[in-house]
Amino acid sequence: MARGQRSALLWALVALSLGGWLMHPRLHPLSMGLVMVIPLIAASVDVVLVTLLFLRRETARIAYLLNGLLVIYGITTMAHFGLAKGAGVGGLAGLAAMVPVSFILFADFLVGKALFDGYWAQERAGVKPSSFLAPGWWLAHFILIPTVYAFGHVFWK
Amino acid sequence: MQYFYIGKPGWFVLHAVAVAFTFWLGHVVGFGP
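Residues numbered from 1 in each chain as written. Chains lettered and ligands numbered in written order. Predicted model: local features only at pLDDT ≥ 70, side-chain atom pairs only at ≥ 80, totals over all residues.

Peer 1: Now, about the nonpolar core: what can you tell me, with residues and values included?
Peer 2: Within soluble globular proteins, side chains that are nonpolar generally end up buried alongside one another. Residues and elements named next belong to chain A. Within the largest apolar cluster, 15 residues are counted, with the highest numbers of intra-cluster contacts made by Val71, Ile72, Tyr73 and Ile75. Within the residue set of this core, elements represented by two or more residues are α2 (37-54), α3 (57-85), α5 (99-124) and α6 (135-155). For this core, the leading source of residues is α3, giving seven residues. When sequence neighbours within four positions are dropped, the list of residues in contact with Ile75 reads Ser102 and Leu105. Judged by nonpolar contacts, the second largest core, of 12 residues, contains Val50, Tyr64, Val111 and Phe116. (Core = buried A, V, L, I, M, F, W, Y, C linked by C-beta atoms within 7 Å. Buried ≥ 20, exposed ≤ 12 C-beta atoms within 10 Å, placed from the backbone. Helix = DSSP H or I, 4+ residues; strand = E, 2+ residues; numbered from the N terminus. Contact = placed C-beta atoms within 7 Å.)

Below, the structure written as structure tokens:
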């Protein structure tokens, strides 16, 4: 991957995560509850740590893993928020209101994937791909993480 | 090719921590129903 392409992707990653960081305090100020600090922590990790880890090939896989997991947790908690309070009504209408922002997070994941693939394209050539961090692995975790989260919400009162 | 190698014990410990964290997160995030 050309150096210019990589820096463009890194800036795209910073822009997407910084946009998320800046958007949350306007939509859900901390006065709504301490729980609103979670998106700020997650977005801070995304802006600073994930970006730094993506700078080096050796740590890019950790960055990709962390970035993808933050996206899954972000979509999960936003879907929960949507069902509970989204669009002021909650329910399916509230859930639907979270779809646009979930697409922004999905774009953040794909930018991370492009960065990761750029670093690992040569190593992958001619080698049987591992199932780890492959689309099936992500899909499984995209199903399992919200399931465990929902169990925690429903059964741990 | 493996991106990480943590062995079977590492895998179990990591997943136990991850499941516990996610379960706790579902509990602690009090958006409502």
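From this point on, the discussion continues.
Peer 1: Let's hear about α6 of chain A: which residues, and what values?
Peer 2: With 21 residues, α6 of chain A extends 30 Å from end C-alpha to end C-alpha; this agrees with the ideal 30 Å at 1.5 Å per step. Within α6 of chain A, the full set of buried residues consists of Ile145, Tyr149, Gly152 and His153 of chain A. Down the axis of α6 of chain A, the buried side of the element spans an arc of 95°, and every buried residue falls inside it. In α6 of chain A, the exposed positions that point more than 90 degrees away from the buried face belong to Gly136, Leu139, Ala140, Ile143, Val154 and Phe155 of chain A. Here the buried face of α6 of chain A lies against α3 of chain A together with α1 (7-28) of chain B. (Expected span 1.5 Å × (residues − 1). Arc of directions from axis to C-beta.)

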